[in-house]
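Working through the structure, step by step
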Amino acid sequence: MGKVVAGMTISLDGFINDRDGSVASLYPDLDELRNTEPLQEAIRTTGAVVMGRNAFAMSDDPDSYAGSYEFQVPIFVLTHKVPTKHPKETDELTFTFVTEGMESAVTQARAAAGERDVAVIGGASVIRQCLRAGLADELHIDVMPVLLCDGFRLFQGMEPSQIQLERLTVMELPAGRTHLRFRIVK
Amino acid sequence: MSKVTVELSVSLDGFVAGPHDGPQNPMGDGGVRLFDWYYSGDVNFPLPGTDMVFQISPASAELLRESWPMIGASVTGRRTFDITNGWDGQPPGGVPHFVVTHAIPQEWVREGSPFTFVTDGVESAVEKAKQAAGGKHVDIIGASIVQQCIKADLLDEIQINLVPILLGGGVRLFDHLGSEPIELERITVVEAPGVTHLRYRVVR
């Protein structure tokens, strides 16, 4: 059985976007990021993706996931409301809109992933729900070399008792991106 | 050229002290865990200027052996000064120490005191500390003074000793900085047991 890996990119001061809601300053390396070892590894090992409705909506055209998104695997979107138009799918990439909450999304994603991992890719609220529910095995945090000073904080409202971490590895990636992996102690 | 630097242990959620910090609870609730890495290795590192001896990992020791001798003076705020009770007269580093305050605590004004109290603001304190540092670095201690230095564009380098815990509240290192992004450049990353040392330059 694969792992459940929650991952997110933050600024050094802990924000997942800036005051305007933009993540642009956290991804100056969007093109080269795909060629980095951690992302290449994730593409190899990920068998299903869980994302929140806001993360899903970050693509202007939901039909563009099929064929171009880095993870061509079943995608489970946590949402309160299923979109009227189902996005384009392929043999590899399918969409399931989950309205019964985090646990259901991860259970379904695990089943779809089989021996491979489940990547929980955000947004912040989805990551927090995943951590609080004790569903994640690893937390991967990419720290970017910027202080955004304003925006949404990844760990806002989380209590110390909700998670115990042990750092696994650290990787220095291009553009000042620092990839940190933590094991979640259960 | 004298650089203005900060080196602090910070939780993954960005706190340098837990909730309810004060003289009776200097690190706040749970905050003492930020210093676990100081006492979980097998290399002795005597903290200059104090009676304290850390037991740290070889990787952390190598870093501290380089960084501490570079410090020529320190600047701290009155709140940190009071919470530590003036480090009982032994501020870390054993270097001239400038305290930014509105009111001078007369009990600390005496011959041979390591402290100079500065009542005309953080810029003045940093300037005085630079003069005292003799070309070495000025180390900033305490979140509020770090924030004031960032806003006044005085800070050159930031070293975060990132500890993999959440504190859930308390004193944030990066807070009240306005809303304009501040660009950094990563200098070094050192992976050590229980802590990740991340050093950045502030880009101007």
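It should be noted that the structure appears before, not after, this text.
Now for a description of the structure that goes with this document. This one's a predicted model, so the numbers in the text were calculated from it and none came from an experiment. (Residues numbered from 1 in each chain as written. Chains lettered and ligands numbered in written order. Predicted model: local features only at pLDDT ≥ 70, side-chain atom pairs only at ≥ 80, totals over all residues.)

Accessible area lost when the parts come together is the quantity often used to give the size of an interface. Counting residues at the interface gives 26 residues for chain A and 25 residues for chain B. Contributions of two or more residues to the side of chain A that touches chain B are made by strand S7 (146–147), strand S8 (165–172) and strand S9 (178–184) of chain A. The element contributing the most residues to the side of chain A that touches chain B is S8 of chain A, with 5 residues. Looking at the side of chain A that touches chain B, its residues break down into 14 nonpolar, 4 polar and 8 charged. Pairing of S7 of chain A with strand S11 (residues 182–192) of chain B involves 2 bridges; the strand directions are antiparallel. Bridging across to S11 of chain B, Leu147 of chain A finds its partner in Ile182 of chain B. (Contact = placed C-beta atoms within 7 Å. Helix = DSSP H or I, 4+ residues; strand = E, 2+ residues; numbered from the N terminus. Nonpolar A, V, L, I, M, F, W, Y, C, P; charged D, E, K, R; others polar. Pairing = 2+ DSSP bridges.)

Below, the discussion takes up the sheet that holds S11 of chain B. If you walk across this open sheet you meet the 9 strands as S7(A)-S11(B)-S12(B)-S9(B)-S1(B)-S8(B)-S5(B)-S6(B)-S7(B), and the pairing is mixed. In this open sheet, the two edge strands, each paired with only one partner strand, are S7 of chain A together with strand S7 (115–118) of chain B. Contacts between helix H3 (residues 122–133) of chain B and the sheet are confined to strand S1 (4–11), strand S5 (71–77), strand S6 (97–100), S7 and strand S8 (137–141) of chain B, with S5 of chain B contributing the most and set at about 160° to the helix. Sitting on the sheet, helix H4 (residues 143–151) of chain B is in contact with S1, S5, S6, S8 and S11 of chain B, with an inclination near 105° to S5 of chain B. (Axes fitted to C-alpha atoms, helices over the stretch in contact; angles between N-to-C directions.)

A separate point is the sheet that holds strand S3 (residues 75–78) of chain A. Backbone-to-backbone hydrogen bonds pair the strands of a sheet. The strands run either parallel or antiparallel. All names here are of chain A. Pairing within the open sheet is mixed, and its 8 strands lie in the order S4-S3-S2-S5-S1-S6-S9-S8. Looking along the sheet, the strands with just one partner apiece sit at the ends: strand S4 (95–98) and S8. Neighbour to neighbour, the strand axes of the sheet diverge by 20° on average, direction disregarded. Both strand S2 (residues 46–52) and strand S5 (residues 117–120) contribute to a ladder of 4 bridges, which runs parallel. Residue pairing in the sheet places Thr46 in a bridge with Asp117 of S5. Its contacts with the sheet put helix H2 (residues 37–45) on S2, S5, S8 and S9, and the angle it makes with S2 is roughly 105°. Contacts between helix H6 (residues 124–132) and the sheet are confined to strand S1 (4–11), S2, S3, S5 and strand S6 (138–144), with S1 contributing the most and set at about 135° to the helix.

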